Amino acid sequence: MSKRSAGSWVFLFAFLLSVPSWAGLFDVSVKKQKELGADAAREIDKKSTIVGEDVKAPLIKGKPIDQIVRGIGEDLARATGEYDKWDFTFKIIKDDQINAFALPGGYIYVYTGLLQSLKVEADHNLLKGRDMLAGVIGHEITHVTGQHWAKQYESDMKRSVGLAVILGATGASDAVQTVAGILNYSQSQKYSRKDEYRADDGGIKLMDKSGKYNPQGMVDMLKMLDKASEDTPSYMVWLSSHPETDDRIKRAQTNVNKLDD
Ligand SMILES: [Zn+2]
């Protein structure tokens, strides 16, 4: 072994020992999450038809639907106790897909396809429909405050850098996450099973804490989407295949029952 390569092995060994010190290298700060989220939100706003901005919002009992969605969002966002920490915005995208998503930083979007499904299921019971919608929005808010995207991103980066070290590569891979990556991740619901459960749990807590929504709406909403996914599977984006919806429904119902005790 030449002197030079021995030296590089010492360097690599020292680098591996220093792992805890670079563990925070890829932490995405709240400020950065808000910046990336804002960039992604601008893309969404540009390429989508936003109800209440690009097209007139239909009225429900005389109130524009975009205002209703925003009102529910604001109520639940305030119940997080972190309202000022994030850039919460709530908008409706005109699209038949059954979907809703959150961008890092607090930019939350609900599709008209989802609102339509809720309306059909609630069958003129406005309170029931409103509680189910609160379930979806509370779930998405929890993805934001739980910083689920940022944590997934950090662990992905650490894994790829760790691999680079093991393979003896010199430079860390590019740490820049593209806006396209965030959009793909958020819109197609690529969260882990654990984060989906956490988002359901968090949503129920927010509904309860706000004092304005019946947490049973979360269970009703999951049941409704489970049913809708059989009728229109190609439009169903929101329910990821993991965890199984049956398990989510059972878990949500257990959590709601605990609140009543
Ligand atoms: Zn989710």
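Residues numbered from 1 in each chain as written. Predicted model: local features only at pLDDT ≥ 70, side-chain atom pairs only at ≥ 80, totals over all residues. Heavy atoms only, no water.

All right, on to the sheet that holds strand E3 (residues 89-93) then. Pairing within the open sheet is mixed, and its 3 strands lie in the order E3-E5-E4. Looking along the sheet, the strands with just one partner apiece sit at the ends: E3 and strand E4 (100-103). Sheet twist, expressed as the average angle between the axes of neighbouring strands with direction ignored, equals 20°. Where helix H8 (residues 179-187) meets the sheet, it contacts E4 and strand E5 (107-111), and its direction lies at approximately 145° from that of E4. (Pairing = 2+ DSSP bridges. Helix = DSSP H or I, 4+ residues; strand = E, 2+ residues; numbered from the N terminus. Axes fitted to C-alpha atoms, helices over the stretch in contact; angles between N-to-C directions. Contact = heavy atoms within 4.5 Å.)

Here the focus is empty space enclosed by the protein. Counted under the stated rule, the structure contains 1 cavity of 30 Å³ or more. Forming the boundary of the largest cavity are Gln33, Ala102, Leu103, Pro104, Gly105, His143, Val144, Gln147, His148, Trp149, Ala150 and Tyr191. Among the elements of the structure, E4, helix H6 (126-145) and helix H7 (148-166) are those that each provide at least two residues to the lining of the largest cavity. Counting residues per element, the lining of the largest cavity draws most heavily on H7, which supplies 3 residues. The residue inventory of the lining of the largest cavity, partitioned by class, reads 7 nonpolar, 5 polar and no charged. (1 Å grid on protein atoms, 1.4 Å probe; cavity = no way out; pocket = protein on both sides within 12 Å on 5 of 7 lines; lining within 4 Å. Points joined across faces, edges and corners; volume = space filled by probe spheres on them. Nonpolar A, V, L, I, M, F, W, Y, C, P; charged D, E, K, R; others polar.)

Counting 45 residues, the largest nonpolar core has Val69, Leu76, Ile137, Ile141, Met221 and Leu225 as its most contacted members. Leaving out residues up to four positions away in the same chain, Val69 has contacts with Phe90, Ile92, Val110, Leu115, Leu133 and Ile137. Among the nonpolar cores identified, the runner-up in size contains 21 residues, and Leu36, Ala38, Ile93 and Trp149 belong to it. (Core = buried A, V, L, I, M, F, W, Y, C linked by side-chain atoms within 4.5 Å. Buried < 20%, exposed > 50% of the residue type's maximum accessible area, 1.4 Å probe, protein only.)

Now for helix H3 (residues 30-47). For the α-helix, the turn length of 3.6 residues means that residues three or four positions removed from each other point alike. Here H3 is 18 residues long and its end C-alpha atoms lie 26 Å apart, about the 26 Å a rise of 1.5 Å per residue gives. Those residues of H3 that sit buried are Gln33, Lys34, Leu36, Gly37, Ala38, Ala40, Ala41 and Ile44. (Expected span 1.5 Å × (residues − 1).)

Once the charged atoms of two side chains with opposite charge are near each other, the side chains can pair. The tally for this structure, following the rule as stated, stands at 14 salt bridges. A salt bridge links Lys91 to Glu53; the shortest N-O distance between them is 3.3 Å. Of this pair, Lys91 sits in strand E3 while Glu53 is found in the loop between H3 and strand E1 (59-60), placing the two residues 38 residues apart along the sequence. Given a relative accessible area of 52%, Glu53 falls into the exposed group. Connected via shared salt-bridge partners are Lys31, Lys32 and Glu35. (Salt bridge = Lys/Arg side-chain N within 4 Å of Asp/Glu carboxyl O.)

Looking at the metal site, the zinc ion is ligated by His139 (NE2), His143 (NE2), Glu196 (OE) and Glu196 (OE), spaced 2.0 to 2.7 Å from it. Each donor residue of the zinc ion lies on one chain, and together they are spaced H-x3-H-x52-E. Here His143 and His139 lie together in helix H6, a separation of 4 residues that amounts to about one turn. For the residue pair His139 and His143, the accessibility class agrees, reading buried in each case. (Donors = N, O, S within 2.8 Å, 3.2 Å for Na, K, Ca; no water.)

For the rest of this paragraph, the subject is the packing of helix H9 (residues 193-210) against helix H11 (residues 245-260). Two packed helices can be described by the angle between their axes and the distance between those axes. Viewed as axis vectors pointing N to C, H9 and H11 meet at an angle of 30°, and their least axial separation amounts to 10 Å. Here H9 lies roughly parallel to H11, going by the angle between them. In this structure, H9 crosses over H11, and the sense of that crossing is right-handed. Across the interface between the two elements, Glu196, Tyr197, Asp200, Asp201, Ile204 and Asp208 of H9 pack against Asp247, Arg248, Arg251, Ala252, Asn255, Val256 and Leu259 of H11. The residue inventory of the contact of H9 with H11, partitioned by class, reads 5 nonpolar, 1 polar and 7 charged. (Parallel < 35°, antiparallel > 145°, perpendicular 65-115°, else oblique. Left-handed = near helix turned anticlockwise from the far one by under 90°.)

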